[in-house]
Amino acid sequence: MFWPSLFNSRATGSPQKSQDWTGNWVSSNTSRQSAAGTMVNTETALGVSALRGCVTLLAESLAQLPCELYRRDDKGGRERAIDHPLYDVIHSQPNRKDTTFEYYEQGMGHLALEGNEFSLIERDGAGYPTELIPINPKKMGVLKGQDGLPYYQLLDYKNQILPMRSVHHVKAFSLDGYVGLSPIATNADTIGLAMATEQHASAVFQRGATMSGVIQRPREATAIKDQASVDRLLSKFTERHGGGLRNAFSVALLQEGMEYKQLSMDNEKAQLLESRNFGVVEVCRLYRVAPNMIQHLDKATFNNIEHLGLQFVIYTLMPWIKRKEAAMMRDLLLPAERKNLYIEFNVSGLLRGDQKSRFESYAIARQWGWLSVNDIRRLENMPPIGGGDRYLTPMNMIDSKQLEGSLNATPQQMQEIEGLLACTQ
């Protein structure tokens, strides 16, 4: 079982209780009030649709990528290390409860929200990981030991302290090297302003004195002094001419010189819409996500949307992938194995681009001889064919060393050249 073996101090090598600790706690454990007056924490920040869109985009994009364990061979190539005990853990089943998609999605979500991802490592007798159990970052404390290494304190289990070998920790950008900075905690004012803007917009529609139109009486007309008559007039007008499509295009008759005037959107409401759009852009800037990736298509065109997708993979998703790969190699591979084994997320599916460009690149690679027919078919998830492993060689290209003797002209050739030059003078 996982829990008894993990919390056994003898098996984990837990440090002595008398050791002096330097506490470094995950920065997003508490809420923070923004300058706009809104309380910002993980739960309230997820109420901002743009932030939730960015977080789920990052989490789902990484979770859909296959995670592979590779072994380098003697010829400079590589092969999947499917015989290694770790392969099934990172590729197929990280633990008995979660699928690989759920595990990587949750971990990337913790990184994007809290700046830290924690998983408890269950190992077999040989030291190989057999399970990875995700832990909420708010339930984990990070301590600095006298040896300079991080130790981890489970806040929900009698403050049990675990050594580095028992915890898989991926951290975002860090100032101290022990705890990653939470994007929500460090940018509470930006997120709080977006929250305040949404709350103000909701208040305008809920409690604001915004009217769709007014009924005016001539100044010289006698005012209606009975409030009940005023209420009866307005309710009757709303009943007959309001209510959406049910009373659309109905005809109104106003007596005693009354006149109906429709109210248009004023500048204040127009600026409110601009503020809401600005909040979306600010949150996207926080996560380096193009607004079109979360369905904010104001400035997206068919010409640039593909390039924005490639930029998302290269400049937004790839740093997170490299961060996770490095942490997995540090925590899950034995020191002696890191020379020949490495962990990699396969992003080729996200970089394939459109079909025409992909086929053109295959044609160039085939003609110049570095891809065979079966190589291309494997990239397209197609079965190999007979005779498809042959490589082509361009006939107009030869080794430059074979040209050394032919670069020097013979005496007869020099006479012919001099004769041609004499004729041209």
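Everything below is about the structure printed above this text.
The structure displayed is predicted, hence computed values, not measured ones.

**Student:** Outline the pattern of salt bridges, supporting the account with residue identities and numerical values.
**Tutor:** Counting across every chain of the model gives twelve salt bridges. Taking the shortest distance from any N to any O, the salt bridge between Glu43 and Lys138 comes out at 3.5 Å. Taken together, the positions of Glu43 in helix α3 (residues 42-45) and Lys138 in the loop between β7 (129-135) and β8 (140-144) put the pair 95 residues apart, joining distant regions of the chain. For Glu43, a relative accessible area of 54% gives the class exposed. Among the ionic pairs, Glu282 bridges to Arg285, the shortest N-O distance being 2.0 Å. Placement of both Glu282 and Arg285 in helix α10 (residues 267-287) is noted, with a separation of three residues, approximately one turn of the helix.

**Student:** Explain the sheet that holds strand β4 (residues 67-72) to me, using residue names and the numbers behind them.
**Tutor:** One open sheet accounts for three strands, arranged β5-β4-β14; its pairing is antiparallel. Only two strands of the sheet have a single neighbouring strand rather than two, namely β5 (78-80) and β14 (341-345). Looking at each pair of strands side by side, their axes are set apart by 40 degrees on average, direction ignored. Bridge analysis of β4 against β14 gives five bridges, and the strand direction is antiparallel. By the bridge assignment for β14, Glu68 is matched with Glu344.

**Student:** Can you break down the packing of aromatic side chains residue by residue, with the values?
**Tutor:** For the coordinates displayed, the defined rule picks out five aromatic pairs. When the centroid spacing of 5.3 Å and the interplanar angle of 70 degrees are considered together, the rings of Tyr103 and Tyr104 count as edge-to-face. Across the pair, Tyr104 and Tyr103 agree in class, each one buried. Pairwise contacts between aromatic rings join Tyr103, Tyr104 and Phe345 into one cluster.

Reading guide: rules and limits
Residues numbered from 1 in each chain as written. Predicted model: local features only at pLDDT ≥ 70, side-chain atom pairs only at ≥ 80, totals over all residues. Heavy atoms only, no water. Salt bridge = Lys/Arg side-chain N within 4 Å of Asp/Glu carboxyl O. Helix = DSSP H or I, 4+ residues; strand = E, 2+ residues; numbered from the N terminus. Buried < 20%, exposed > 50% of the residue type's maximum accessible area, 1.4 Å probe, protein only. Pairing = 2+ DSSP bridges. Axes fitted to C-alpha atoms, helices over the stretch in contact; angles between N-to-C directions. Phe/Tyr/Trp six-rings, centres within 6.5 Å; stacked < 30°, edge-to-face > 60°.

These figures come from the coordinates and say nothing about function on their own.
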